[in-house]
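Below are the chains, spelled out letter by letter.
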Amino acid sequence: MLRASSLSSVARRAALVSSASTSSRFAATRAYSAQPNRSSGGGAGTTLLIAALAAGAGAGGYHYYVQNEGTTLPKIASAKSAGAAASKATEPLDYQKVYNAIAELLEDDNYDDGSYGPVFLRLAWHASGTYDKTAKNGGSHAATMRYKSEAGHSANAGLALARERLNRVKDRFPQISYGDLWTLAGVCAIQEMGGPIIKWKSGRIDGEEEHCPPDGRLPDASRADAQHSKDVFYKMGFTDQEIVALLGAHALGRCHRDRSGFDGPWTASPTVFTNTYFTELLGRKWVERKWDGPKQFEDKESQSLMMLPADMAILKDKEFRKWVEIYAKDEKRFFDDFASACAKLFELGCKFEDNARVYEFKPTNA
Ligand code: HEM
């Protein structure tokens, strides 16, 4: 949560960001809110079967959930949903309609900084970033985070919240696979928060638990060496330039003590997609925060923004730093490079048909 002393300057800054650096497309998206961080965290996992059924029924469909160490997982669709899916199976899905339905779920004044966008994007990234190009497995194709073994990886703490919210869209469009739904939610989040258009393909399937990747494929935020990030992202098939571009997503959202243990936002406008992650990294003096949590950094001046050890690490590597400087100066270049790297991320390990259509969605606030 931002400390009171910094709120007015933060709010002013967010207004500047929204008027100066991005288009009117996201004018409806709140730049920053001084809302207390009322995270609902992983506690959502205590949902009882009966409550889940009731909620599902209210939304016009049913999800059966299994109790699962702090998370709830959709297990099977009901006969009603399956019947609806079968009857519509021959109709091609209008993915722009699905996109619009996800967009309707983004804003909520009672959640974090007013938007589920950041956590939707994190879900899409964690569903995709398990890909290993040598083992040729992992990635979003089989949506294996539906299963306890992957949902329970510590890196995925808090993501049940995003999965459960997106089940409302699954109820409306039962024929979409979970992997398509989660990655489309990532695309929608980026675009609706003012980011670039991300090309997207459909065709992921709901795979089996045996397809779950092993734990440990996602980056460890406490690692202060750039080599760790390189090792993790090289396994997915990314270059140094793509890694830095992807990390620019930390302009969005925040860390939560009840999820990762870290705390706070990287930028003063965590619901607006900008190149601010790079300008903040270079433009502020970062000092170690004195607190009872894991090692992280705070900006010396306002003590309201944070960086992870893994964020600071990219300043120490010559090649990484070169791209931080380029993206800090050139937001258009960042948007273009992020759009390519992100589309690649969401397609890792996917087995699309050869002639699979490439979709580009129209933002709802365009
Ligand atoms: C070295 C690589 C990375 C590390 C170590 C890292 C680590 C983290 C950590 C610790 C959090 C806080 C989670 C929480 O407490 O809720 C976080 C949040 C987030 N990350 Fe990353 N991340 C990395 C790369 C990425 C990439 C590639 C993307 C997307 C392309 C991304 C998008 C996000 C977003 C949007 C959030 C905010 C989530 C929210 O507000 O709920 N991160 N990341």
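Quick summary incoming for the structure in this document. Since the structure is predicted, the reported quantities are computational estimates derived from the model, not experimental observations. (Residues numbered from 1 in each chain as written. Predicted model: local features only at pLDDT ≥ 70, side-chain atom pairs only at ≥ 80, totals over all residues. Heavy atoms only, no water.)

With that settled, consider helix α4 (residues 95-104). Tyr 95, Val 98, Tyr 99, Ala 101, Ile 102 and Ala 103 are the residues of α4 that are buried. Lining the buried residues of α4 we find α5 (117-128), α7 (159-172) and α8 (178-192). (Buried < 20%, exposed > 50% of the residue type's maximum accessible area, 1.4 Å probe, protein only. Helix = DSSP H or I, 4+ residues; strand = E, 2+ residues; numbered from the N terminus. Contact = heavy atoms within 4.5 Å.)

Turning our eyes to something else, we now look at the packing of aromatic side chains. Enumeration over the complete set of coordinates arrives at 21 aromatic pairs. Relative to Phe 361, the ring of Trp 200 lies with its centre 5.8 Å away and its plane at 55°, an arrangement referred to as tilted. Taken together, the positions of Trp 200 in the loop between α8 and α9 (226-236) and Phe 361 in the segment after α14 (331-347) put the pair 161 residues apart, joining distant regions of the chain. Across this residue pair, the class does not change: Trp 200 and Phe 361 are buried. (Phe/Tyr/Trp six-rings, centres within 6.5 Å; stacked < 30°, edge-to-face > 60°.)

With that settled, consider the sheet that holds strand β7 (residues 306-307). Pairing is antiparallel in the open sheet, where 3 strands are placed in the order β5-β6-β7. Both edges of this open sheet fall to β5 (286-288) and β7, since each of them pairs with a single strand only. Bridge count between β5 and strand β6 (residues 297-299): 3 bridges; the pairing is antiparallel. Bridge assignment links Val 287 to a residue of β6, and that residue is Glu 298. (Pairing = 2+ DSSP bridges.)

A few words on the site of the ligand. In the region of the ligand, 24 residues are neighbours, and Trp 125, His 250, Arg 254, His 256 and Ser 260 sit closest. Within the side chain of His 256, one N or O atom sits 2.6 Å away from an oxygen atom of the ligand. Mapped onto the shell around the ligand, the elements with two or more residues apiece are α5, α9, α10 (240-247) and β3 (254-255). When residues of the shell around the ligand are assigned to their parent elements, the largest contribution, 5 residues, is made by α5. Considered class by class, the residues forming the shell around the ligand number 16 nonpolar, 5 polar and 3 charged. (Near = heavy atom within 4 Å. Polar contact = N/O pair within 3.5 Å; in protein donor to acceptor, adjacent residues only side chain to side chain. Nonpolar A, V, L, I, M, F, W, Y, C, P; charged D, E, K, R; others polar.)

A few words now on α5. The terminal C-alpha atoms of α5 lie 17 Å apart, and with 12 residues this matches the ideal 16 Å at 1.5 Å per residue to within 8%. Most of α5 sits out of view: 11 of its 12 residues are buried. If you check which residues of α5 are buried, you get Gly 117, Pro 118, Val 119, Phe 120, Leu 121, Leu 123, Ala 124, Trp 125, His 126, Ala 127 and Ser 128. Each element contacted by the buried residues of α5 is listed here: α4, α6 (148-151), α7, α8, α9 and α14. (Expected span 1.5 Å × (residues − 1).)

Turning our attention to the pattern of salt bridges. Within the structure shown, the criterion is met by 19 salt bridges. Arg 223 is paired through a salt bridge with Asp 225; the nearest N and O atoms lie 3.0 Å apart. As a salt-bridge pair, Arg 321 and Glu 325 come within 3.0 Å of each other at their nearest N and O atoms. Taken together, the residues Arg 321 and Glu 325, both in helix α13 (residues 318-329) and 4 residues apart, mark about one turn of the helix. One salt-bridge network, held together by shared partners, links Glu 280, Arg 284, Asp 299 and Glu 301. (Salt bridge = Lys/Arg side-chain N within 4 Å of Asp/Glu carboxyl O.)

Our next topic: the nonpolar core. Soluble globular proteins: nonpolar side chains tend toward being buried together. In this structure, Ile 102 and Phe 120 are the most contacted members of the largest nonpolar core, which totals 87 residues. Ignoring sequence-local partners within four residues, the contact set of Ile 102 consists of Phe 120, Leu 166, Val 169, Leu 181, Leu 184, Ala 185 and Cys 188. (Core = buried A, V, L, I, M, F, W, Y, C linked by side-chain atoms within 4.5 Å.)

Checked against the element boundaries, Val 244 lands in helix α10. The exposure class assigned to Val 244 is buried, which follows from its relative accessible area of 0%. In the structure, Val 244 is positioned 97 residues away from Ala 341 in sequence and 9.8 Å away in space, judged by C-alpha atoms.

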